[in-house]
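# Tertiary structure, described
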Amino acid sequence: MLTHACVLQLPIITRYYVTLSFLTTAACALEIITPFNVYYNSHLIFKKGEVWRLMTNFFFFGNLGLDFVFHMFFLVKYCKSLEEGSFRGRSADFLWMLLFGGALLTVLAPFVAIEFLGSSLTFMMVYVWGRRHQYVNLSFLGIFNFTAPYLPWVLLAFSVMLGSSPKVDLMGMVAGHAYYFLEDVYPRMTGRRPLKTPGFVQAMFPVEERIRPAADAGLQHFAAEELQQQPVNGVGQQEQLQQQAGPAAGVEERGGGRPHAD
């Protein structure tokens, strides 16, 4: 499904998550391990010391088949879009978002009896992506158009129509909204950022990863000043210079949501 070259082109967090998910699911399909070795069970974790289950349950996406392909499509698309978009040059912040979402889902899981949380974490990323791309227009199977913030609700409704339980998707939406509020809304209201990435997470990434946004902003400002100083002959040349001075990471998408089945 994914070639080695394609995997290497993925940003670092997306690359590791997709690779671990594929290897874990494939190992279960080949019966090297079984889903019983990786599923979330609070009794086995806290009473038996099987702490690896806190992580491995996020990497299993069911049997290899069409359903697995759809899950990988959503995981690659939205994980990559977030890491290369609003988290561009901030891999530590992106990892912290996933850790926050994973921790919240782990707390909620015993109350809704869900053993594998990878789909919920993927749905969290879909929710955050939609909130941060409010003006992107999407189309559902060519039937109707909507804007990106409604994508999780459209997918949830379609999943229910197919007879799937809404619990997995709803948990992802709860985790996504909690992160969106605490990271994007609450700081604008109070000036405080409760989800600031801690130092030990930032230390996992090189310095150039953390300073890249500032460098990009400086280049954009310099390009804008050059545009104002240079005489422009003709409308076509002016538009070309404006495109060169535009933000490198500002990519507007237009695409369609694909349904998934749990």
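Scoring rules and cut-offs
Residues numbered from 1 in each chain as written. Predicted model: local features only at pLDDT ≥ 70, side-chain atom pairs only at ≥ 80, totals over all residues. Heavy atoms only, no water. Helix = DSSP H or I, 4+ residues; strand = E, 2+ residues; numbered from the N terminus. Buried < 20%, exposed > 50% of the residue type's maximum accessible area, 1.4 Å probe, protein only. Pairing = 2+ DSSP bridges. Contact = heavy atoms within 4.5 Å. Expected span 1.5 Å × (residues − 1). Core = buried A, V, L, I, M, F, W, Y, C linked by side-chain atoms within 4.5 Å. pLDDT = per-residue confidence, 0-100. Axes fitted to C-alpha atoms, helices over the stretch in contact; angles between N-to-C directions. Parallel < 35°, antiparallel > 145°, perpendicular 65-115°, else oblique. Left-handed = near helix turned anticlockwise from the far one by under 90°.

## Notes on unusual backbone geometry
The backbone of Glu31 shows a phi angle near 60°, a positive value even though the residue is not glycine. If you trace the backbone, Glu31 turns up in the loop between helix H2 (12–29) and helix H3 (42–46). Residue classification places Glu31 among the exposed positions, given a relative accessible area of 67%. With phi around 55°, Ala113 is a residue other than glycine that occupies positive phi space. Locating Ala113 in the fold gives a position in the loop between helix H6 (91–112) and helix H7 (118–131). In this structure Ala113 comes out as exposed when scored by relative accessible area, which is 53%.

## Description of the pairing of strand S2 (residues 144–147)
Taken together, the 4 bridges between strand S1 (residues 137–140) and S2 define a ladder with antiparallel strand orientation. Bridge pairing in S2 places Asn137 opposite Thr147. Between the end of S1 and the start of S2, which pair antiparallel, lie 3 residues, with Leu141 showing a positive phi angle near 55°.

## Considerations on the side chain of Arg53
Within the element layout of this structure, Arg53 appears in helix H4 (residues 53–56). Classification of Arg53 by relative accessible area gives buried; the value is 4%. Discounting chain neighbours no more than four positions away, the residues touching Arg53 are Phe36, Asn37, Val38, Tyr39, Tyr40, Leu44 and Ile45.

## Quick look at H2
Taking 1.5 Å per residue as the helical rise, H2 with its 18 residues ought to reach 26 Å, and the 26 Å between its terminal C-alpha atoms agrees with that figure. Buried residues of H2: Ile13, Thr14, Tyr17, Val18, Ser21, Thr24, Thr25, Ala26, Ala27 and Cys28, and no others. Contacts from the buried residues of H2 go to helix H5 (66–84), H6 and H7. Once H2 ends, the next one or two residues include Glu31, with phi positive near 60°.

## Let's talk about the side chain of Glu50
Assignment of secondary structure puts Glu50 in the loop between H3 and H4. Note on Glu50: relative accessible area 18%, which makes it buried. In contact with Glu50, other than residues within four places in its own chain, are Leu44 and Ile45.

## Points about the nonpolar core
Counting 54 residues, the largest nonpolar core has Phe94, Met97 and Met125 as the members making the most contacts within it. Broken down by secondary-structure element, the contributors of at least two residues to this core are H2, H5, H6, H7, S1, helix H8 (151–161) and helix H9 (167–190). Apart from the residues lying within four places of it in its own chain, the contact partners of Met125 are Tyr17, Leu75, Cys79, Leu82, Phe94, Met97 and Leu98.

## Let's talk about the confidence of the model for the chain
Overall, the prediction assigns the chain a mean pLDDT of 79, with 77% of residues at 70 or greater. A low-confidence stretch, residues 208–262 stays under pLDDT 50, and its non-local contacts, those more than four residues away or across chains, total 67 contacts.

## As for the packing of H2 against H5
The interhelical angle for the contact between H2 and H5, taken along N-to-C directions, is 165°, at an axis separation of 9 Å. Between H2 and H5, the crossing angle belongs to the class labelled roughly antiparallel. Between H2 and H5 the crossing geometry is right-handed. In this structure, H2 uses Ile12, Ile13, Thr14, Tyr17, Val18, Ser21, Phe22 and Thr25 to contact H5, whose residues at the interface are Phe68, Met72, Leu75, Val76, Cys79, Lys80 and Glu83.

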